Amino acid sequence: MSDTTPHPGSCLCGAVAFTATGPLRDVLGCHCSQCRKTSGHYWAATSVPLERFEITTDEGLVWFRSSATAERGFCRRCGASLFWKPEGEGRMAIAPGAFDDAPPFTLSGHIFTEDAGDYYAPDGPPPTPGPEQADLSCGCLCGDVAFSVSGPAGEVWACHCDQCRKLSGHYSASFDADEATLRYRAKRNLSEYRTPGGGTRGFCSGCGSSLWFRSADGEFSVEAGCVDGPTGGQLARHIFTDSKGAYYAIDDGLPQE
Ligand SMILES: [Zn+2]
Ligand SMILES: [Zn+2]
Ligand SMILES: [Zn+2]
């Protein structure tokens, strides 16, 4: 029986909300460099015809023209990656992590897998890490925020908590770094969002890219997807898997907690 239920969704701070009425397309993971920059790991999306999609709160909504034929929608207050709208196709691609309920879709495949980061594989265990990077060049999709931080990236941890799922649109991946080594080359649209748990999240309010997170106790981590070249790191662990989305499985053999 096909799903004709309205599914509500929102960004983390609530300044953007929408409803998408089923049936919703199965979810595809996209590993292109734009999706990796925007989400901070890799982006994923379901899709729905525009006539079954409605924005119900748009206070925080910003559209960034990411290519000649598509725009990306994100929240300028919390930085959540929400939408991808291809021109002339009459549909909206929506991040599965943005939904407030659990629509009956499943992650059914991956695209642009050749552009995946070096620290994970789209399917299965992560590859053997490349050479350690002493200095990691990072930046957002639009170029308004660029910085470097001392490596090595080392272990990359995937986080499936509710907050990371809302902000990245799927789930996050990051590595610990020493904030004292952070050097900005550009920070024109650097925005900071104070999360409900007392942490601070850095993102670009020009394009919505996820950049870094500083926890309430000062621990600093960088989103693996914002690294410009190879990270030299390796996905090593999944955390907060109790909160993971119902639409995907974790089957890369790594420890889960
Ligand atoms: Zn928001
Ligand atoms: Zn940007
Ligand atoms: Zn998290």
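Residues numbered from 1 in each chain as written. Chains lettered and ligands numbered in written order. Predicted model: local features only at pLDDT ≥ 70, side-chain atom pairs only at ≥ 80, totals over all residues.

### Points about the domain arrangement of the protein chain
When the domains of the protein chain are assigned, the result is domain 1 (6-111) and domain 2 (118-243). When each unit is reduced to the centre of its C-alpha atoms, the spacing between domain 1 and domain 2 is 20 Å. Taken together, the contacts link 31 residues of domain 1 with 29 residues of domain 2. Elements with a minimum of two residues in the side of domain 1 that touches domain 2: α1 (33-39), β4 (43-49), β6 (61-67), β7 (70-75) and β8 (81-86). When residues of the side of domain 1 that touches domain 2 are assigned to their parent elements, the largest contribution, five residues, is made by α1. (Domains from an automatic or database assignment. Contact = placed C-beta atoms within 7 Å. Helix = DSSP H or I, 4+ residues; strand = E, 2+ residues; numbered from the N terminus.)

### Here's the deal with the sheet that holds β8
Strand order in this open sheet of seven strands is β6-β7-β8-β9-β4-β3-β10, and the pairing throughout is mixed. Taken across any chain shown, the strands that pair with only one partner, and hence form the sheet edges, are β6 and β10 (107-111). Between one strand and the next, the sheet's axes are offset by a mean angle of 30°, whatever the strand orientation. Bridge count for strand β3 (residues 27-30) against β10 is four bridges, and the pairing is parallel. Counterpart to Gly 29 in the pairing with β10 is His 110. (Pairing = 2+ DSSP bridges. Axes fitted to C-alpha atoms, helices over the stretch in contact; angles between N-to-C directions.)

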